[in-house]
Amino acid sequence: MKKTITLLLVLIALVILPFFINHGGEYGGADGEAEALIQVTAPDYEPWFQPLYEPASGEIESLLFTLQGSLGAAVIFYILGYYRSKRSEHVGN
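Chains are numbered independently. Their residues run from 1 in the order of the written sequence. Only residues with pLDDT of at least 70 get local features here, since the model is predicted, and only at 80 or more are side-chain atom pairs given and counted; chain-wide, interface and lining totals rely on the full set of residues. As a convention, hydrogens and water are excluded, and side-chain values are obtained from all of the structure's heavy atoms.

Looking at an unreviewed UniProt entry, one finds the protein named Cobalt transport protein CbiN and attributed to Photorhabdus stackebrandtii. UniProt positions are given in the numbering used here, feature names are shortened, and annotations may be inferred rather than shown by experiment. UniProt's Subcellular location (unreviewed entry) comment on the protein is quoted here verbatim: "Cell membrane". The protein has a UniProt comment under Function (unreviewed entry) that states "Part of the energy-coupling factor (ECF) transporter complex CbiMNOQ involved in cobalt import."

Given below as structure tokens:
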């Protein structure tokens, strides 16, 4: 029981502490950094193609990115669960 409470306190601290730690930086993705590096190393570089859909705001882009990751994880874990249940049915017979 003591181990469970300790782990819960550590989990709560890991969730709450980042809100109080301020390093003065901004959150950004690797795409923006890669684009900046390309502009420095090859300023006349032309992209091969344009995006099919450009979200109206960064929040919508984040939502779509999160949704894509969630759906991918759901598919992966569904497949893992399916094969695990098949394996346990096979072992039980």
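Right, picking up where we left off after that structure.
S.K.: Got a minute to help me understand the UniProt feature "transmembrane region" (unreviewed entry) in the protein in this structure?
M.R.: As annotated by UniProt and renumbered to match this structure, "transmembrane region" (unreviewed entry) occupies residues 60–80. Helix makes up 100% of residues 60–80 and strand makes up 0%, while its end C-alpha atoms are separated by 30 Å. Helix and strand definitions follow DSSP, with helices as H or I runs of at least four residues and strands as E runs of at least two, each counted in order from the N terminus.

S.K.: What am I meant to see in helix α2 (residues 30–41) here?
M.R.: Side chains of residues three or four places apart in an α-helix project in the same direction, reflecting 3.6 residues per turn. Expected span, for any helix, means 1.5 Å times one less than how many residues it has. Taking 1.5 Å of rise per residue, the 12 residues of α2 would be expected to cover 16 Å, and the 16 Å separating its terminal C-alpha atoms lies within 8% of that figure. Exposed residues in this analysis have more than 50% of their type's maximum accessible area, buried residues have under 20%, and partly exposed residues fall in between, with area computed by a 1.4 Å probe over protein chains only. Little of α2 sits out of view: just 0 of its 12 residues are buried.

S.K.: Help me understand the layout of surface pockets in this model?
M.R.: Empty space left among the atoms is revealed by rolling a probe the size of a water molecule over them. Grid points spaced at 1 Å and placed over the protein atoms alone form the basis of the search, with a cavity being a set where a 1.4 Å probe fits but cannot get out and a pocket an open set showing protein on both sides within 12 Å along at least five of seven lines. Lining residues have an atom within 4 Å of a point. Grid points are joined across faces, edges and corners, and a volume is the space filled by probe spheres set on the points. Approximately 810 Å³ is the volume attributed to the largest pocket. Lining the largest pocket are 22 residues, with Asp31, Glu35, Pro51, Glu54 and Glu61 positioned closest to its centre. Listed by contribution, the elements that provide at least two residues to the lining of the largest pocket are α2 and α3 (58–92). In terms of residues, the lining of the largest pocket owes the most to one element, α2, which gives 7 residues. Gly counts as polar in this scheme, as do all residues outside two lists: the nonpolar Ala, Val, Leu, Ile, Met, Phe, Trp, Tyr, Cys and Pro, and the charged Asp, Glu, Lys and Arg. In terms of residue class, the lining of the largest pocket is made up of 12 nonpolar, 6 polar and 4 charged. The volume enclosed by the second largest pocket comes to roughly 150 Å³. Along its surface, the second largest pocket is lined by Asp31, Glu61, Ser62 and Phe65. Considering each element in turn, the lining of the second largest pocket owes the most residues, 3 residues, to α3.

S.K.: Sorry, what's going on with the confidence of the model for the protein here?
M.R.: Low-confidence regions, as indicated by low pLDDT, have predicted coordinates that should not be scrutinised in detail. Confidence of the predictor in every single residue is expressed as pLDDT, which spans 0 to 100. With 92% of its residues at a pLDDT of at least 70, the protein reaches an overall mean of 87. Mean pLDDT in the protein bottoms out at α2, which sits at 87, and peaks at helix α1 (residues 2–20), which reaches 92.

S.K.: Sorry if this is basic, but what is going on with α1 here?
M.R.: Here α1 contains 19 residues, and its C-alpha end-to-end distance of 27 Å stays within 8% of the 27 Å for a straight helix at 1.5 Å per residue. Note that the bend at a residue is defined as the angle between axes fitted to the seven residues ending at it and the seven residues starting at it. Leu14 marks where α1 bends most, by close to 25 degrees; the proline Pro18 follows one to four residues later.

S.K.: What is the right way to read a nonpolar patch on the surface from this model?
M.R.: Taken together, the side chains of Met1, Ile5, Leu8, Leu9, Leu11, Ile12, Val15, Ile16, Phe19 and Phe20 define a hydrophobic patch exposed on the protein surface, amounting to about 1100 Å² of accessible area. Here Leu8 is to be found in helix α1. Each patch is built from residues that are more than 30% exposed by relative accessible area and take part in no salt bridge. Like charges join if they lie within 9 Å; nonpolar side chains (Val, Leu, Ile, Met, Phe, Trp, Tyr) join within 5 Å. Areas reported as accessible are Shrake-Rupley estimates using a 1.4 Å probe. Residue values count occlusion only from the protein chains shown. Only one rule defines a salt bridge in this text: a Lys or Arg side-chain nitrogen within 4 Å of an Asp or Glu carboxyl oxygen.

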